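The primary structure of each chain is shown beneath.
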Amino acid sequence: MVNVTLLIDDSDIDLFIQRRFLEVYQFSKTLVSHKSAEEALHWLADQGADAPPDVIFLDLNMPKIDGFGFLERFTQLPDQVTSTCKIVILSSSNSRADIERAKAYKNTIEFITKPIKQTDIESLKSRFA
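Residues numbered from 1 in each chain as written. Predicted model: local features only at pLDDT ≥ 70, side-chain atom pairs only at ≥ 80, totals over all residues. Heavy atoms only, no water.

K.L.:
Whenever I open this one, the environment of lysine 103 confuses me. Can you help?
P.N.:
By the element assignment, lysine 103 lies in helix 5 (residues 96–103). Excluding residues within four positions of it along the chain, lysine 103 makes contact with Thr108 and Phe111. (Helix = DSSP H or I, 4+ residues; strand = E, 2+ residues; numbered from the N terminus. Contact = heavy atoms within 4.5 Å.)

Pasting the structure below:
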């Protein structure tokens, strides 16, 4: 079980599903969610450096700042955040170009096509064990 997980998705339904699955399969002690990349970046800059999340579940398709914009800005955050935090892309996209582009960022450890499944969570849990 990881300590802190950050969920970033503009869809209330998707956030609910993600949160529920992560709770049921006991993935994280604390779940924090934001409905925009901008909100999440502010949270990471303000509070995240003190107790950065272990994992970020990131949607790619969001208004204003999309997932790729988040990934780019994430690299500019303090080392206390970027050195420990791992990113899991959780997107409706299954585009090979999106997968390769997202995995080019060093913090991205996985690309999961929605909806998240039990096997996805179990696989991730084993990586953090």
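We are not done yet, so read on.
K.L.:
Explain a nonpolar patch on the surface here, please?
P.N.:
Taken together, the side chains of Ile13, Phe16 and Ile17 present a nonpolar region at the surface, about 320 Å² in accessible area. Classification of isoleucine 13 by relative accessible area gives exposed; the value is 59%. (Patch = residues over 30% accessible without salt bridge, like charges linked within 9 Å, V, L, I, M, F, W, Y side chains within 5 Å. Areas by Shrake-Rupley, 256 points an atom, 1.4 Å probe, with all protein chains shown as cover. Salt bridge = Lys/Arg side-chain N within 4 Å of Asp/Glu carboxyl O. Buried < 20%, exposed > 50% of the residue type's maximum accessible area, 1.4 Å probe, protein only.)

K.L.:
Please explain the packing of aromatic side chains as it appears in this structure.
P.N.:
The description of an aromatic ring pair rests on the distance of the ring centres and on the angle between the ring planes. All chains considered together, the criterion is met by four aromatic pairs. Ring geometry for phenylalanine 27 against phenylalanine 128: centres 6.3 Å apart, planes inclined by 90°, an arrangement best described as edge-to-face. With a gap of 101 residues between them, phenylalanine 27 in the loop between helix 1 (12–24) and strand 2 (28–34) and phenylalanine 128 in helix 6 (residues 118–128) connect regions that are remote in the sequence. What makes phenylalanine 27 buried here is its relative accessible area of 1%. Members of the aromatic cluster, each reached through a chain of ring pairs, are Phe27, Phe57 and Phe128. Across from the ring centre of phenylalanine 68, 3.8 Å away, lies the NZ or CZ of arginine 101, which sits over that ring. (Phe/Tyr/Trp six-rings, centres within 6.5 Å; stacked < 30°, edge-to-face > 60°. Lys NZ or Arg CZ within 6 Å of the ring centre and 35° of its normal.)

K.L.:
Would you take a moment to explain the environment of aspartate 54 for this structure?
P.N.:
Of note, aspartate 54 is situated in the loop between helix 2 (37–48) and strand 3 (55–58). Separated by 73 residues in sequence, aspartate 54 and arginine 127 have C-alpha atoms that sit 12 Å apart. Discounting chain neighbours no more than four positions away, the residues touching aspartate 54 are Val2, Asn3, Val4, Thr84, Cys85, Lys86 and Phe128. In this structure the side chain of aspartate 54 is engaged in a polar contact, spanning 2.8 Å, whose partner is the backbone nitrogen of asparagine 3. (Polar contact = N/O pair within 3.5 Å; in protein donor to acceptor, adjacent residues only side chain to side chain.)

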